[in-house]
Amino acid sequence: MGERIPIASDHAGFEMKEKIKAKLIAKGYDVQDLGTNSPASTDYPDYAHPLAQEIESGEAKRGVLLCGTGLGMAYAANRHHHVRAAVSWLPEIAELARKHNDANVLVLPARFVSEEDAEAILDKFLNTPFEGGRHQPRVDKIEIEGTK
Ligand code: RB5
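Residues numbered from 1 in each chain as written. Predicted model: local features only at pLDDT ≥ 70, side-chain atom pairs only at ≥ 80, totals over all residues. Heavy atoms only, no water.

Draft legend 1. Examining the environment of alanine 94 more closely. Structurally, alanine 94 can be placed in helix 4 (residues 91-99). Note on alanine 94: relative accessible area 0%, which makes it buried. Remark: the alpha-carbon pair of alanine 94 and leucine 108, spanning 14 residues in sequence, is separated by 9.8 Å. (Helix = DSSP H or I, 4+ residues; strand = E, 2+ residues; numbered from the N terminus. Buried < 20%, exposed > 50% of the residue type's maximum accessible area, 1.4 Å probe, protein only.)

Encoded structure:
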């Protein structure tokens, strides 16, 4: 079994989550689906927080979130220590989020990306290493001193 990757969405991201989940499984990842499990209306923080907790605790290294714009999921996930959730609407954004920001959660704006684009964004997120170097101290400064 490959790396365990948690994934979650609200209703707006549900359909795309199912597609992304299938792609991750096909790529050999051990996907942990934290919901939602239908297109019925839900509240995105109820899904963002449990996924972010997986990253904050170190139980998972990377995760994927989806909602309509990506914004609500990112706001909630980024309240957690050590979580760097990047809303990515282009492969280039995901690539830079990895290279420069060491993003550990990919947030897909499901209502604004095609399935084809979402897979290209996912691939950049999964396969681009963090550059480190001058970016390391910047990433370190994201955590607010005294709150770790
Ligand atoms: C749901 O309608 C929508 O508000 C939600 O998916 C997300 O875009 C919020 O940020």
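Draft legend 2. Here's a closer look at the nonpolar core. Ranked by size, the top nonpolar core spans 22 residues in total, and within it Ile20, Leu24, Val64 and Leu108 carry the most contacts. Those elements that place two or more of their residues in this core are strand 1 (4-9), helix 1 (11-26), strand 3 (63-67), helix 4, strand 5 (105-109) and helix 5 (115-127). Looking at this core element by element, the count peaks at five residues for helix 5. For leucine 108, the residues in contact, after removing those within four places along its chain, are Ile20, Val64, Leu65, Leu66, Cys67, Gly70, Ser88, Ala118 and Ile121. Core analysis: the next-biggest nonpolar cluster, separate from the first, contains 18 residues, Ala8, Leu51, Cys67 and Val107 among them. (Core = buried A, V, L, I, M, F, W, Y, C linked by side-chain atoms within 4.5 Å. Contact = heavy atoms within 4.5 Å.)

Draft legend 3. Up close: the site of the ligand. In the vicinity of the ligand, the residues found are Asp10, His11, Ala12, Tyr44, Cys67, Gly68, Thr69, Gly72 and Arg111. Contacts to the ligand include glycine 68, whose backbone N or O atom sits 2.8 Å from an oxygen atom. Glycine 72 places a main-chain nitrogen or oxygen 2.9 Å from an oxygen atom of the ligand. Relative to its free-state accessible area of 300 Å², the ligand is covered by the protein chains to the extent of 71%. Considered class by class, the residues forming the shell around the ligand number three nonpolar, four polar and two charged. (Near = heavy atom within 4 Å. Polar contact = N/O pair within 3.5 Å; in protein donor to acceptor, adjacent residues only side chain to side chain. Areas by Shrake-Rupley, 256 points an atom, 1.4 Å probe, with all protein chains shown as cover. Nonpolar A, V, L, I, M, F, W, Y, C, P; charged D, E, K, R; others polar.)

Honestly, it's all geometry; don't read function into it.
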